[in-house]
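# Architecture and fold: a report
Okay, here's what each chain looks like letter by letter:
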Amino acid sequence: MVKLSTRKICGIVVVELALMLVSLLLPVGAVREYAQVAIIAGAVFASVLLQGWAKPRTTESKTIAIIIVLAAIVFQVVMFVLLGIKLGFARNVYAYNFASIFHVFLPVILAIIGEEVLRGQLVDRGRGNRLMVVMTGAMIYLTQIIIALPLYDFSESKSLFTFIVTMAGPAILQNTLLTFIAYQYDYRVNIIYRLIMELPTYLLPIMPNAGTYLPAIFEIGLVLILTIWLVGVQWRLRSGTNWKNRRQAKIKRTENEQTRKAKRALRYIGWGAGTIVIVGYVALMSGLFKYHFLAIGSGSMEPHISRGDMILAEKSDEYGEMDVGEVLVYRHSNVIMVHRISEVNERNGKRTFITKGDANNAEDKWTVEQGDIIGTAKGKIAMFGYPTLWLYELFNTN
């Protein structure tokens, strides 16, 4: 006889997946996106209504949770800095306006939270039946696949390959890891982990120009490392104990050897993350690489670029490709200027440029020669330049 709780979980899984498939019949856009979010929320509500609210497991999870979150942060920082310096940066395709918030950012955030809360609820209620735990992980995986299907054109072999390599394949490994975390620790960790791993693609104004395949490969490596590490932690906790005293042994080991190791690992990760951030910031501010950051000290380019913004400058000597409308970065009287090209002239086989600040009433009185040019501005991060300005003004009061 199948347990009542098992039948409830099976019912929620089947109905949720059926409704997600039906949602594909809806028009592409906000209606479908929010309908899918509503289906996930409905599955969470049904689980709570039928089985009660499953409280997060907190035993021995705090240190583990911090390490997982820090690992995700370090991964994103390293990928951004190293891939960006090596391969260059590109402007994000998502604009920061109401349409993007409503159609892209908000549905993604709600879907992530809903999926992980649903995973946590069903995994906890199916704890006595491993098949139900596996079924829950499979349901979340298929839900993610269904949501992603409209993004790919499967009539093209390249699109199918991209779907398998960057979405379907990595999602299997990721869902295995997240289901294991929900089973052994605290499903709330999954929410934070996924927000850190997935939101930068939508929210950062610039991204490393690394395509889709390379980041997917590195992310698979991170998932495998975390999975192997967590399985090893559980194996060490269980070794030398029997099933009756396993709970007591876990608590003792958490207070002893495992806690010390976790804290030591946490300390190393913290120092490593801080070092990477500092080195990366200094490297990108130094101007030694193709790309570097510049803090804007005036309002001559408002409203597009404001005082205190940080711009990403790309060094370039491709003067023939620079045209009217691009934001030029150049030196004038030992000062780095960031003004827009308003006129291009040819003289003695070389190009010269006239520039103008967007907020200025007239063009600049000087002509920019090729030898003065550093490059062009490729993007900005609002207000990130203020710390640099404050330090400069602190030591240069005149």
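Look up a bit, the structure's there.
One structure accompanies this document, and this report is about it. Since the model is a prediction, treat every value here as computed from it, not as a measurement. For every chain, the first residue of the written sequence is number 1, and numbering continues from 1 onward in sequence order. Totals for whole chains, interfaces and linings use all residues, but because this is a predicted model, local features are given only for residues with pLDDT of at least 70 and pairs of side-chain atoms are given and counted only at 80 or more. Calculated side-chain values reflect all of the structure's heavy atoms, with hydrogen atoms and water omitted.

### Concerning unusual backbone geometry
Across the junction of Glu 302 and Pro 303, the peptide omega takes the value 5 degrees, indicating a cis bond. Among the secondary structure elements, Pro 303 is positioned in the loop between β3 (291-295) and β4 (310-315). In this structure, Ser 333 is a non-glycine residue whose phi angle is positive, near 55 degrees. For Ser 333, the location among the structural elements is in the loop between β5 (327-332) and β6 (335-347). Note on classification: 1.4 Å probe, protein chains only; a residue is buried when its accessible area is under 20% of the maximum for its type, exposed when over 50%, partly exposed between these limits. For Ser 333, a relative accessible area of 58% translates into the label exposed. Residues other than glycine seldom take positive phi values, yet Asn 334 does so here, at roughly 65 degrees. Only DSSP runs of H or I covering at least 4 residues are called helices, and only runs of E covering at least 2 are called strands; the numbering of each starts at the N terminus. Tracing the chain through its elements places Asn 334 in the loop between β5 and β6.

### With respect to the nonpolar core
Nine residue types can take part in a nonpolar core, namely buried Ala, Val, Leu, Ile, Met, Phe, Trp, Tyr and Cys, and a core is a set of them joined through side-chain atoms within 4.5 Å. Ranked by internal contacts, the top residues of the largest apolar core, which has 25 residues, are Ile 68, Leu 177, Ile 181, Tyr 193, Leu 222 and Leu 230. Sorting the residues of this core by element identifies α3 (62-87), α6 (157-184), α7 (187-198) and α9 (213-238) as the ones contributing at least two each. Per element, the largest residue contribution to this core is eleven residues, and it comes from α3. Whether two residues touch is decided by their heavy atoms; if any such pair falls within 4.5 Å, the residues are in contact. Not counting chain neighbours up to four residues away, the residues in contact with Tyr 193 comprise Ile 68, Ala 72, Gln 174, Leu 177, Leu 178, Leu 222, Val 223 and Leu 226.

### Observations regarding the packing of helix α4 (residues 98-125) against α7
To obtain an axis, a line is fitted to C-alpha atoms, over the contacting stretch when the element is a helix, and the angle between two such axes runs from 0 to 180 degrees between their N-to-C directions. In contact at an axis separation of 9 Å, α4 and α7 are set at 155 degrees when each is read in the N-to-C sense. Between α4 and α7, the angle falls in the class roughly antiparallel. You can see that α4 and α7 cross each other, and the crossing is right-handed. Along its contact with α4, which presents Ile 109, Ile 112, Ile 113, Glu 115, Glu 116, Val 117, Arg 119, Gly 120 and Gln 121, the element α7 presents Tyr 187, Asn 190, Ile 191, Arg 194, Leu 195 and Glu 198. A class-by-class count of the residues in the contact of α4 with α7 yields seven nonpolar, three polar and five charged. Here the angle decides the label: under 35 degrees means roughly parallel, over 145 means roughly antiparallel, 65 to 115 means roughly perpendicular, and every other value means oblique. Handedness of a crossing is defined here by the sense of rotation of the near helix relative to the far one, left-handed for an anticlockwise turn of less than a right angle and right-handed for a clockwise turn. Classification used: nonpolar for Ala, Val, Leu, Ile, Met, Phe, Trp, Tyr, Cys and Pro, charged for Asp, Glu, Lys and Arg, polar for all others including Gly.

### Examining the pairing of strand β7 (residues 350-356)
The two faces of a sheet get side chains in turn, since along a regular strand they alternate between them. In terms of burial, β7 is a largely internal element, five of the seven residues being buried. Connecting β6 to the antiparallel partner β7 that follows it, the hairpin turn spans two residues, and Asn 348 within it adopts a positive phi of roughly 55 degrees. DSSP-based pairing: two strands are paired if at least 2 bridges between them are found.

### Looking at helix α2 (residues 30-51)
Under the 1.5 Å per step criterion, the end-to-end length of α2 is 31 Å for 22 residues, consistent within 8% with the ideal 32 Å. Along α2, the residues classified as buried are Ala 30, Arg 32, Gln 36, Val 37, Ile 39, Ile 40, Ala 43, Val 44, Ser 47 and Gln 51. Of the residues one or two after α2, Gly 52 is the one with positive phi, at around 85 degrees. Multiplying 1.5 Å by the helix residue count minus one yields the expected span of that helix.

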